[in-house]
Amino acid sequence: MPPQHILVIGAGGLGSAALPLLAAAAARLTVIDHDKVELSNLSRQLLYNEDDLARPKAEVAAERLRRQFPNLAVRWRAEKFSAENAAAFFSERPDLVMDLCDNETTRIAVSDAAFARDTALVTAGLAGMHGQIAYLRRGDSGCYRCAFGAGDKSGEGTASAAMATMTGSMAALVALRALAGNETAGRVVLVDGETLATEELRARADPKCAVCGHTSQKGNRK
Ligand SMILES: [Zn+2]
């Protein structure tokens, strides 16, 4: 795999698991998270410990990764990703963007920004014992809006460390497969933590979608 730059949005439970796995394979990471480490995070966000309390998660995560992977270029920003600041984060032309955040508004902003710039997107979410991972790309699949739509339940219900780590690890695996050209765009995997069963769906572009509808034909990609 040639040197790759991955933009990671969210350094919570999913990010704690995914970040070291991405760092082991990528040349460059940018970590964005506006939250600070809180005591209640420590039981399931395994990248952090008591010494990190009240520090920005993105900063602590970058520090850990730098120490573990000295050849990795890591940057961090303690900001909330939005449509307004998306351009600044995408200006360095990441090869892939990972949405590992915990709310629908940010997920939509990340997906819209990735589709507008034809950047590969891996989105992962959690709700209690249910995990979801999808690889989405303009021209080859629907966007987040089309894949999950309004009423996506991810972010609801507290997930255990095991669920967050499993889903975050799967998201990292999908991202690395996508960067290597081995992953199918539009594949959505749902994981049930009660039974360990997985279900696979296809995210297709809705022709009426303002984000991906008019680009759903192959050939529109750069
Ligand atoms: Zn769409």
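Refer to the structure printed above.
Residues numbered from 1 in each chain as written. Predicted model: local features only at pLDDT ≥ 70, side-chain atom pairs only at ≥ 80, totals over all residues. Heavy atoms only, no water.

Tetrahedral coordination by four donors sets the ideal angle at the metal to 109.5 degrees; octahedral coordination by six donors sets it to 90 or 180 degrees. Donor atoms from the polypeptide that bind the zinc ion are Cys143 (SG), Cys146 (SG), Cys209 (SG) and Cys212 (SG), placed at 2.2 to 2.4 Å. Classification of the site at the zinc ion as tetrahedral follows from its 4 donor atoms and the range of 99 to 124° in their angles at the metal. For the zinc ion, the donor residues sit on a single chain with the sequence spacing C-x2-C-x62-C-x2-C. Accessibility classification places cysteine 209 together with cysteine 212 in one group, the buried group. (Donors = N, O, S within 2.8 Å, 3.2 Å for Na, K, Ca; no water. Tetrahedral: all angles 85-135°; square planar, octahedral: opposite > 155°, others 65-115°. Buried < 20%, exposed > 50% of the residue type's maximum accessible area, 1.4 Å probe, protein only.)

This paragraph deals with the sheet that holds strand β6 (residues 130-136). What the 8 strands build is an open sheet, ordered β3-β2-β1-β4-β5-β6-β7-β8; its pairing is mixed. For this open sheet the edge positions go to β3 (73-77) and β8 (197-202), each flanked by a neighbour on one side alone. Looking at each pair of strands side by side, their axes are set apart by 15° on average, direction ignored. Judged from the 5 bridges that link them, strand β2 (residues 28-32) and β3 form a sheet pairing that is parallel. Bridge pairing in β3 places leucine 29 opposite valine 74. Against the sheet, helix α2 (residues 57-68) makes contact with β2 and β3, and its axis sits at roughly 170° relative to β3, the strand it touches most. (Pairing = 2+ DSSP bridges. Helix = DSSP H or I, 4+ residues; strand = E, 2+ residues; numbered from the N terminus. Axes fitted to C-alpha atoms, helices over the stretch in contact; angles between N-to-C directions. Contact = heavy atoms within 4.5 Å.)

Our next topic: the nonpolar core. Membership of the largest hydrophobic core comes to 44 residues, with the highest contact counts inside it found for Ile6, Leu19, Leu22, Leu29, Leu96, Met98 and Val122. Within the second largest apolar cluster, 24 residues are counted, among which are Phe89, Ala114, Cys143 and Val188. (Core = buried A, V, L, I, M, F, W, Y, C linked by side-chain atoms within 4.5 Å.)

Turning next to helix α6 (residues 161-179). Quick reminder: α-helices carry 3.6 residues per turn. Residues three or four places apart thus point the same way. In this model α6 runs 27 Å from its N-terminal to its C-terminal C-alpha over 19 residues, within 8% of the 27 Å that 1.5 Å per residue would give. For α6, the elements touching its buried residues are β1 (5-9), α1 (13-23), β4 (96-99), β5 (120-127), β6 and β7 (187-192). With its phi angle positive at about 80°, glycine 181 sits one or two positions after the end of α6. (Expected span 1.5 Å × (residues − 1).)

Let us look at the environment of arginine 187. Mapped onto the fold, arginine 187 is located in strand β7. With 91 residues separating them in the primary sequence, arginine 187 and leucine 96 have C-alpha atoms 16 Å apart. In this structure the side chain of arginine 187 is engaged in a polar contact, spanning 3.1 Å, whose partner is the side chain of glutamate 200. (Polar contact = N/O pair within 3.5 Å; in protein donor to acceptor, adjacent residues only side chain to side chain.)

The subject of this paragraph is the packing of α1 against α6. One can describe the packing of α1 onto α6 by two numbers: an axis separation of 7 Å at closest approach and a directional angle of 40°. Relative to α6, the element α1 lies oblique. For the element pair α1 and α6, the recorded crossing hand is right-handed. On the side of α1, the interface is formed by Gly13, Leu14, Ala17, Ala18, Leu21 and Leu22, while α6 contributes Ala164, Thr165, Thr167, Gly168, Ser169, Ala172, Ala175 and Leu176. Residues of the contact of α1 with α6, tallied by class, amount to 9 nonpolar, 5 polar and no charged. (Parallel < 35°, antiparallel > 145°, perpendicular 65-115°, else oblique. Left-handed = near helix turned anticlockwise from the far one by under 90°. Nonpolar A, V, L, I, M, F, W, Y, C, P; charged D, E, K, R; others polar.)

Most of β6 sits inside the fold, with 6 of its 7 residues counted as buried. Alignment of β5 against β6, held across 7 bridges, turns out to be antiparallel. The residue of β6 that forms the bridge with valine 122 is tyrosine 135. Counting the residues between successive antiparallel strands, the hairpin from β5 to β6 contains 2 residues, one of them, glycine 128, with a positive phi of roughly 55°. Looking at chain direction, β6 and β7 are connected through 5 bridges and run antiparallel. From the neighbouring strand, alanine 134 faces β7, where its bridge partner is valine 188.

We now examine the packing of aromatic side chains. The description of two aromatic rings rests on the distance between their centres and on the angle between their planes. A full pass over the atoms with the stated rule returns 3 aromatic pairs. Aromatic side chains phenylalanine 81 and phenylalanine 89 sit 5.9 Å apart centroid to centroid with 25° between the ring planes, which places their arrangement in the stacked category. Look at phenylalanine 81 and you get buried, because its relative accessible area is 4%. Note on phenylalanine 89: relative accessible area 8%, which makes it buried. Between tyrosine 144 and phenylalanine 148, the ring centres sit 5.3 Å apart and the planes meet at 40°, which makes this aromatic pair tilted. Pair noted here: tyrosine 144 and phenylalanine 148 are both in helix α5 (residues 144-148), with a separation of 4 residues, about one helical turn. (Phe/Tyr/Trp six-rings, centres within 6.5 Å; stacked < 30°, edge-to-face > 60°.)

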